[in-house]
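Tertiary structure, described
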Amino acid sequence: MSGHGKPIPMISHRVTGLQGTAEVPGDKSISHRALILGALSVGETVVTGLLEGQDVLDTASAMRAFGAEVTRDDDGTWHVHGVGVGGFAEPGQVIDCGNSGTGVRLIMGAMATSPITATFTGDASLNKRPMARITDPLALFGAHAVGRAGGRLPMTITGAADPVPVRYTVPVPSAQVKSAVLLAGLNAPGRTVVIEAEATRDHTERMLAGFGAEIITEETGEGRVITLTGQPELEPQSIIVPRDPSSAAFPVCAALITEGSDVLVPNIGLNPTRAGLFTTLREMGADLSYENEREEGGEPVADLRARYSPDMEGIEVPPARAASMIDEYPVLSVVAGFARGMTVMRGVKELRVKESDRIEAMATGLRANGVSVEDGPDWWTVEGRGAGGVPGGATCASHLDHRIAMSFLVMGMAAKKPVSVDDGGPIATSFPIFEALMGGLGADIRRA
Ligand code: S3P
């Protein structure tokens, strides 16, 4: 859904002793993929634990527009009656993906090798984001795209009538690009090969294998080489969506910086392509433990326990870890503000083309709240002020970016003066229960 209602200003006051259990919602990446792969299967896929954030709801609407039947039971179980690989119908309306880069990019891939035309749009944030990174490889399959200057949405794509398989090296570390190519490759005959120099989240590969596709990943000198055999008949699945480590990051980081806190965040997926933040926090000296470590649905899972950690120290985050924590840099920069010494984050150019320019958005808000930040094209540093040392007191712009809004509200929980955001509305895209959940732990977040 493009845009959202009126801005919702929010203010977060200092508290002590966040306590309790934080049951965070389902994983956003896996939720999008469950709906899309369900729509590309023949028969009924059943999904429990789906994230019911606006981003995912927009993907559900899009799948209906392409001909799948998508319904929700009162208990939150979702059913997707798919149309099969190559079975997408031409939508009768513009596909509005709202705020979601993952939604629009994966769906573009999924339709690009069918002989149909679809027009995509989004909100003011999504319509600024680069799409050539998707349409360039889709053109190799034979798809045509016409969009605004610089490859921006709104954009119309006509899928290839006679698609050919491709071999494509992803030029930026992006799971969205990799996934768009793999989804397009589903309806191309023969083998589509995607090569990525840096490993990015691998949910598409894992889930395609789960849906019965022939897909092989090999680690080679040039990186990960993923080979998909086209035109499989995908078999509908029963999917339990694990909880989102990117959402878990917020209660975890809040507990680490808020005096007297002890918070349990159960059942968090710790897929190595997603868990970089937690490794980084532990290296900084965070009191963060993994309890009850186990495997569920082929993924490592644990309960996270985070306790107030007044002795954290800034570190240099290894650039090779960036892809595994790309969405977590905003909240890490908040934690860095409460650590001692400098935190250095390099190799993070992609942060500039997320829902907002996340380096710019965080640097501006951190400075306004009394934390020194330096930044360059693909790096930034935060000078920590130590436990309890962040002055706070300013209002930050969230730039239609859920993670920016949540990061600054977390900062307010431990800063000396309250921290405000101009608009908390975007939080509903990924973490609709954020306010209630954080409030339940003892946070004091108010709508201004
Ligand atoms: C996602 C991939 C990442 C991430 C986004 C979700 C995905 O984007 O930032 O929130 O589900 O594939 P990029 O692929 O652009 O890095």
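Throughout, residues of each chain are indexed from 1 in the direction in which the sequence is written. Totals for whole chains, interfaces and linings use all residues, but because this is a predicted model, local features are given only for residues with pLDDT of at least 70 and pairs of side-chain atoms are given and counted only at 80 or more. With hydrogens and water set aside, each side-chain value is computed from the structure's full complement of heavy atoms.

Right, let's talk about the site of the ligand for a bit. A single heavy atom is enough: if one lies within 4 Å of a molecule or strand, its residue is considered near that molecule or strand. In the region of the ligand, the neighbouring residues are Lys-28, Ser-29, Arg-33, Thr-102, Pro-173, Ser-174, Ala-175, Gln-176, Arg-201, Ile-326, Asp-327 and Lys-354. Side-chain atoms alone can form a polar contact between residues adjacent in sequence; in general such a contact is a pair of N or O atoms within 3.5 Å, and within protein one must be able to donate a hydrogen while the other accepts it. Here Ser-29 contributes a side-chain N or O atom positioned 2.7 Å from an oxygen atom of the ligand. Contact with the protein chains hides 95% of the accessible area of the ligand, taken as 380 Å² for the molecule alone. Buriedness of a pocket was judged along seven lines, with at least five required to meet protein on both sides within 12 Å; pockets are open sets of points on a 1 Å grid over the protein atoms alone, cavities are sets where a 1.4 Å probe fits but cannot get out, and lining residues have an atom within 4 Å of a point. Molecule-in-pocket calls rest on the fraction of atoms, with more than half required to lie within 2 Å of the cavity or pocket grid points. When atoms are counted within 2 Å of each cavity's grid points, the one that captures over half of the ligand is the second largest pocket. Accessible areas in this description were obtained via Shrake-Rupley with a 1.4 Å probe; residue shielding takes into account the shown protein chains only.

Whether two strands pair depends on DSSP finding at least two bridges between them. Going along the chain from the N terminus, every DSSP run of H or I of four or more residues is numbered as a helix, and every run of E of two or more is numbered as a strand. Spatially, the four strands line up as an open sheet ordered S22-S23-S1-S24, and their pairing is mixed. Here the strands that pair on one side only, and so sit at the sheet edges, are strand S22 (395–396) and strand S24 (444–447).

With that settled, consider helix H8 (residues 276–283). Within the span of H8, buried status applies to Gly-276, Leu-277, Phe-278, Thr-280 and Leu-281. Just downstream of H8 lies Gly-285, where phi reads positive at about 100 degrees. Burial classes follow relative accessibility: with a 1.4 Å probe on protein chains only, a residue under 20% of its type's maximum area counts as buried, one over 50% as exposed, and anything between as partly exposed.

With respect to the helices, strands and loops of the structure, Ser-407 is situated in helix H11 (residues 402–414). Residue contacts follow a heavy-atom distance rule, with two residues in contact if any of their heavy atoms lie within 4.5 Å. Dropping the residues within four chain positions of it, Ser-407 is found in contact with Phe-250, Pro-330, Val-331, Val-334 and Met-362.

Now for the pairing of strand S3 (residues 42–48). Here six bridges tie S3 to strand S5 (residues 78–83), and the two strands are oriented antiparallel to one another. What sits directly across from Thr-45, in S5, is Val-80. Pairing analysis gives three bridges linking S3 to strand S14 (residues 238–240), with the strands arranged parallel. In the strand pairing of S14, Val-47 is matched with Ile-239.

Right, let's talk about unusual backbone geometry for a bit. In this structure, the amide linkage connecting Leu-153 to the following residue, Pro-154, adopts the cis form with an omega of -10 degrees. With respect to the element layout, Pro-154 can be found in strand S9 (residues 152–158). The phi torsion at Leu-400 lies on the positive side, around 55 degrees, for a residue other than glycine. Its place among the elements puts Leu-400 in the loop between S22 and H11. Overall, the relative accessible area of 23% leaves Leu-400 in the partly exposed class.

What follows concerns the packing of aromatic side chains. Pairing of aromatic rings covers Phe, Tyr and Trp, the last through its six-membered ring, and needs centres within 6.5 Å; plane angles under 30 degrees mean stacked, over 60 mean edge-to-face, and all others mean tilted. Under the criterion given, the structure shown has three aromatic pairs. Relative to Phe-434, the ring of Phe-431 lies with its centre 5.4 Å away and its plane at 70 degrees, an arrangement referred to as edge-to-face. For the pair Phe-431 and Phe-434, a shared accessibility class is recorded, and that class is buried. Counting every residue linked through ring pairs, the aromatic cluster contains Phe-250, Phe-431 and Phe-434. Think of it as a cone above the ring: NZ of Lys or CZ of Arg counts as a charge over the ring if it is within 6 Å of the ring centre and within 35 degrees of the ring normal. Taking the ring centre of Tyr-290 as reference, the NZ or CZ of Arg-282 above it sits at 4.0 Å.

On to the nonpolar core, then. Put simply, a nonpolar core is a bunch of buried Ala, Val, Leu, Ile, Met, Phe, Trp, Tyr and Cys residues held in one set by side-chain atoms that sit within 4.5 Å of each other. By size, the foremost hydrophobic cluster in this structure holds 76 residues, and its most contacted members are Phe-278, Leu-281, Tyr-329, Trp-380 and Phe-434. Once residues lying within four places of it in the same chain are set aside, the contact partners of Leu-281 are Val-252, Cys-253, Leu-256, Ala-286, Leu-288, Leu-332 and Val-335. Membership of the second largest hydrophobic core comes to 64 residues, among which are Ile-107, Leu-153, Leu-186 and Ala-188.

Turning to the domain arrangement of the protein chain, a few remarks are in order. Marked domain ranges trace back to an automatic or database domain assignment. Looking at the assigned domains, one finds that the protein chain contains domain 1 (10–26 + 242–447) and domain 2 (28–229). Between domain 1 and domain 2, the C-alpha centre-to-centre distance is 29 Å. Every contact between the two is made by 23 residues of domain 1 and, on the other side, 26 residues of domain 2. Once two parts are joined, some of their accessible surface, as seen by a 1.4 Å probe, is lost; buried area is that loss totalled over both. Taking both sides of the interface into account, the surface hidden between domain 1 and domain 2 amounts to around 2000 Å²; carbon and sulfur atoms contribute 48%. One side-chain nitrogen of Lys or Arg within 4 Å of one carboxyl oxygen of Asp or Glu is enough to make a salt bridge. Counting across the domain 1 and domain 2 interface gives three salt bridges. For Glu-355, the salt bridge goes to Arg-129, with nearest N and O atoms at 3.8 Å. Counting the contacts that link domain 1 with domain 2 gives 14 residue pairs in polar contact (both at pLDDT 80 or more). Note on residue categories: nonpolar means Ala, Val, Leu, Ile, Met, Phe, Trp, Tyr, Cys or Pro, charged means Asp, Glu, Lys or Arg, and polar means any other residue, Gly included. Residue classes in the side of domain 1 that touches domain 2 are distributed as eight nonpolar, seven polar and eight charged.

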